[in-house]
Amino acid sequence: MSQPNVTEEKTTERQAGLTDIDLTGYDQIEVLGAREHNLKNIDVVIPRNKLVVVTGISGSGKSSLAFDTIYAEGQRRYMESFSAYARSFIGDMERPDVDKINGLSPVISIEQKTTSKNPRSTVGTTTEIYDFLRLLYARAGEAYSYVTGRKMERQSQDQIIDTILGQYEGQKITLLAPIIRSRKGHYRELFVQIAKTGYTKVRVDGVVQDIVPKMQLDRYKIHDIEIVIDRLVPKTEDRYRLSQSIQTAMKQGKGAMQMLDADGKLVYFSQNLMDPESGISYDEPSPNSFSFNSPYGACPVCNGLGVIEEITEESVIPDKSLSISRGAIAPLGEYRELWIFKEIEAILKKYKLNLTTPVVKFPDDLLHALMYGTEEEATVPSKKYVGEDYYSFKFEGIVNFLKRQQENSTDKIQEWLKDFMVIKSCPECHGARLKKESLFFKIDEKNISELARMDISELTAWFNGVEDRMTNRQNVIGKEILKEIRKRIGFLLDIGLDYLTLDRPLRTLSGGEAQRIRLATQIGTQLVGVLYIMDEPSIGLHQRDNVKLIDSLKNLRDLGNTVLVVEHDKDMMLESDFILDIGPGAGRHGGQVVNQGTPNEFLKNEYAGVAGSSTTADYLSGRRAIEVPKERRKGNGKFLVIKNATGHNLKNVTLRLPLGRMVTITGVSGSGKSSLIHETLFPILNRHFFRSKREPLPFKTVEGLEHLDKVIEVDQSPIGRTPRSNPATYTGMFSEIRTLFAELPEAKIRGYKPGRFSFNVKGGRCEDCEGAGMKKIEMEFLPDVHVMCETCKGKRFNRETLEVRFKGKSIADVLDMTVEQALDFFASQPKILRKVTTLNDVGLGYITLGQHATTLSGGEAQRVKLAEELSKKDTGKTLYILDEPTTGLHFQDISHLLDVLNKLADKGNTVLIIEHNLDVIKVSDHLIDLGPEGGNKGGNIIAEGTPEKVADVKGSYTGKFLKMELAG
């Protein structure tokens, strides 16, 4: 479409934001004939330069439209603009299954799944705030000595001459050039080289001596060596000689020199940063000096990670009540005929103990010898010749042995050793990640690590008025840098992430937090005319902070961008400019537009599209709702109590968890919910029930463990990372199905075992595609093409395997069934039916049993896990922990989920949920609200009790919004 003629008046209107037609010539994005995944050849019109929400129940096709169609086509068009030569290196994108898309702008996708797992990626590096801090400290930081604490000095040659003439005139002095500082070696060649350059004397370890032929030192001792450059009595008239000698000393000493006065006292001078008292000097700082990802700045002990993996006595001997023969030393296991047990037995014999003595009875010196070795010789007696020794040895120690294995062993052994590793804060940098010198560069008495450990709100306060606390020179250098830092900090404040710290690793953030950080970075770019596509940015955000997020998205829109958000949040929908509802069902029952329009039009639900009303509109308007239960569960009267938890920002918190109820942990983002539950409670229980090595955050005592028999954490991590993983394999249903097929008469006649019906092993699978069902054809500079395997036609199995049928269906037909279809098909198979029923109960009736794990959303993966746990026989004493299970769920799906969770709680189990969603909060039996704010201002339990009780607590943000929800 050509650019329409625009009058001067319309140009003025556009500049004033009164019209939506932009530089593309389109006022809307037209998607025609979208058929990707489950989309049913739909036509969609999305207004440009608006905040548009795409909603619908889970699996309805929202992401297929937003990401797999619109974003994929935008990305493909961008890649197509490259030359064929460039595309041969970077690859091409597949064309999405759509007829045409008009009015498409450059597209930027901000998803949750791209969270970095790299421990070196932090909030500071991602937002670039830390990069600007590095630049600020490199150019404007003031150096201090880590020995004396004195400010480091740089001295020019003239200043050094003036100091010597002013303080030492008329005294006998010796000028020295330091060339070796605290290093081992014999230095024979070095002395020859010094003599060749014309110098006759050196000062070695504080003693001045002549250089003699074949001169050398003890190679195993640490030495200091300086060249004697000149001996003189400084006088003003001899300034030239002094100047020449100092210049020579500086050249030989690489910018540093020393001077011996008449009393033999050593004085230091340097053109670099130097402590005049101790003589230590620092290299000239650069931004890399403050980077924990660079060898110039990283702590040498932990390599810039801030933590080290250590083998400790506790990890090697977890249970001291056991004897060595019963397996007290975990890496060795129970007694076997091995040389190491013979050696340990010989050491124990000296203490009149044996291998059956419990370790708790060992004296400390014996325990230390077993762990870290001993210099004393011990002997192993000979079995063949009684009274004679077989061999003598010095015991290396279990810990030392394991460390040696760690340094040079196979990947398999490295993996095995991880069981005995404990992660500890680095003893050198104490978690600061940087080398010692870098931490002694300061601005306003703060080093860069101290700033990185502040939360964003604290950091904002520190930067306010920092110019008044800086020198004029620092202000001139830092003016532009401070401006950039403040701008980026402002973006993080605007989207409600004021509780994060710059040194927080990106992998510890929730999907929503990581997404909002990237959103803050995008707002900072100030791009115009872009189509932004986001995947549930409100995840992990309290209602209080939701307003800030919506304002940020509106700011992006007001700059002249189109913002397309896949979202279920009620506030986001009502604040948007346009809502598009995909449905009516999930999977093959979805993929159509059921409602669209502005929020007011949408709520009326009068869209004349697909038959049936929009459930989204019904929930938004209040025509349907998740009801508050008439009566709350009382529980079993027992409690799990954790006293005095102090990890991260927790302020001596005592958690009293009532058992046998549905309990929800609430609080604003960063208030300490994850610290209390995921990093304190769960590791305590995991260690108690399953002997996990993961250390919980600090706490004093735990009571009530005897009231539980196991703990299960159901998170949103994928159920598998390859297409070979699927719901049937994850839940264990596929093993039962394979067994069923192997028991069929036809299979028995042919001698087929259950392995015959696996697409992962040779035998029954199609060998042409190795059980994948598809073959990849590489197309050089065009995108790789996946074509159906011609041999098996996508069935994954060979013909002989497919000939075995149950109720007329082959194993491939069973994998293609939806969960709903499988309910009827396996009605007579109790073991399989139990697993299929639970998948249906959690609202996953639309997925197929063999659906690739990589195509499941986080919410779907979590519900598959939940179904797998539900299908197990429970004891009624289980604690289930769920972290924001409503992620990716529509109102209708939340209703299904709550039915499942209520079933678990009704059986006497305890269901513990971390959640912001008010529909879940209002139906819970008991709430524990943390706060009042995030970061350092949080970490307290400010309210607990029934939802009605918490709603009346003043000072609780959750209570404030809950009161409005309960009032309807």
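Rules behind the numbers
- Residues numbered from 1 in each chain as written.
- Predicted model: local features only at pLDDT ≥ 70, side-chain atom pairs only at ≥ 80, totals over all residues.
- Heavy atoms only, no water.
- Phe/Tyr/Trp six-rings, centres within 6.5 Å; stacked < 30°, edge-to-face > 60°.
- Helix = DSSP H or I, 4+ residues; strand = E, 2+ residues; numbered from the N terminus.
- Buried < 20%, exposed > 50% of the residue type's maximum accessible area, 1.4 Å probe, protein only.
- Salt bridge = Lys/Arg side-chain N within 4 Å of Asp/Glu carboxyl O.
- Disulfide = S-S within 2.5 Å.
- Axes fitted to C-alpha atoms, helices over the stretch in contact; angles between N-to-C directions.
- Left-handed = near helix turned anticlockwise from the far one by under 90°.
- Contact = heavy atoms within 4.5 Å.
- Nonpolar A, V, L, I, M, F, W, Y, C, P; charged D, E, K, R; others polar.
- Bend = angle between axes of the 7 residues up to and from the residue.
- Pairing = 2+ DSSP bridges.
- Right-handed = clockwise from strand over helix to strand, strands pointing away.

J.: When you look at the packing of aromatic side chains in this model, what are you seeing that I'm missing?
T.: Any pair of aromatic rings gets described here by the distance separating the centres and the angle formed by the planes. Evaluation of the coordinates by the stated rule reveals 18 aromatic pairs. With a centroid separation of 6.0 Å and 55 degrees between ring planes, the pair formed by Y137 and F290 is classed as tilted. In this pair, Y137 is assigned in helix α5 (residues 129-140) and F290 in the loop between β14 (281-282) and β15 (307-311), connecting sequence segments 153 residues apart. Residue Y137 shares its accessibility class with F290, and that shared class is buried.

J.: Any chance you could explain the pattern of salt bridges here in plain terms?
T.: Pairs may arise between side chains of opposite charge once their charged atoms sit close together. Under the definition given, this model contains 48 salt bridges. A salt bridge links K394 to E375; the shortest N-O distance between them is 3.7 Å. Of this pair, K394 sits in strand β17 (residues 389-394) while E375 sits in the loop between α11 (364-372) and β16 (377-381), and the two are 19 residues apart along the sequence. E743 is paired through a salt bridge with K748; the nearest N and O atoms lie 3.5 Å apart. Residue K748 is classed as exposed on the basis of its relative accessible area, which comes to 53%. One salt-bridge network, in which partners are shared between bridges, spans E73, R76, R77 and E80.

J.: Sorry if this is basic, but what is going on with the state of the cysteines here?
T.: Joining two cysteines, a disulfide is a covalent bond between their sulfur atoms. Tallied over the full model, the rule gives zero disulfides. Cysteine C426 is unpaired, with the sulfur of C429 as its nearest cysteine sulfur at 3.6 Å. Under the relative-accessibility criterion, C426 is labelled buried at 1%. In this model C769 remains outside any disulfide bridge; the closest cysteine sulfur is found in C766, 3.7 Å from its own. Looking at C769, the relative accessible area reads 8%, which means it is buried.

J.: Honestly, the packing of helix α15 (residues 456-463) against helix α16 (residues 472-494) in this entry has me stumped. Any pointers?
T.: Angle between the axes and distance between the axes: these two values describe a pair of packed helices. Two numbers describe how α15 lies on α16: the axes approach to 10 Å, and their chain directions differ by 145 degrees. Relative to α16, α15 is oriented so that their crossing is left-handed. Along its contact with α15, which presents I456, S457, L459, T460 and F463, the element α16 presents L482, I485, R486, I489, L492 and L493. Residue classes in the contact of α15 with α16 are distributed as eight nonpolar, two polar and one charged.

J.: Looking at this structure, I do not really get helix α22 (residues 673-690). What am I missing?
T.: Residue pairs three or four apart in sequence face the same way in an α-helix, which turns once every 3.6 residues. The largest bend in α22 comes to about 30 degrees, at F682, with the proline P683 one to four residues further on. When you tally the buried positions in α22, you get 13 out of 18 residues, the bulk of the element. A positive phi of about 55 degrees marks R691, the residue just after α22.

J.: What is the right way to look at the sheet that holds strand β23 (residues 592-597) in this model?
T.: Strands belonging to one sheet form pairs held by backbone hydrogen bonds; the direction of such a pair is parallel or antiparallel. Across the sheet, which stays open at both edges, the six strands sit in the order β5-β20-β21-β3-β22-β23 with mixed pairing between neighbours. Among the strands making up the open sheet, the edge pair consists of β5 (107-110) and β23. If you compare each strand with its neighbour and ignore which way they point, the axes differ by 20 degrees on average. Across five bridges, strand β20 (residues 531-535) lies against strand β21 (residues 562-566) in parallel orientation. Considered in β21, the bridge of D535 is made with V566. Where helix α2 (residues 62-80) meets the sheet, its contacts fall on β3 (51-55), β5, β20, β21 and β22 (578-583), and the angle it forms with β20 comes to roughly 145 degrees. Relative to the sheet, helix α18 (residues 543-558) contacts β3, β20 and β21, its axis offset from that of β21 by approximately 145 degrees.

J.: Please clarify how the pairing of strand β31 (residues 878-883) should be interpreted in this entry.
T.: Here is the key point about a regular strand: its side chains alternate between the two faces of the sheet. Burial runs high along β31: five of the six residues are buried. By the bridge criterion, five bridges tie strand β28 (residues 710-714) to β31 in an arrangement that is parallel. Paired with V711 across the two strands is L879, which belongs to β31. One ladder, built from five bridges, connects β31 with strand β32 (residues 910-914); its direction is parallel. Opposite D883, over in β32, you have I914 as the bridge partner. In the classification by handedness, the crossover that spans β31, the intervening helix α31 (residues 891-906) and the parallel β32 is right-handed.

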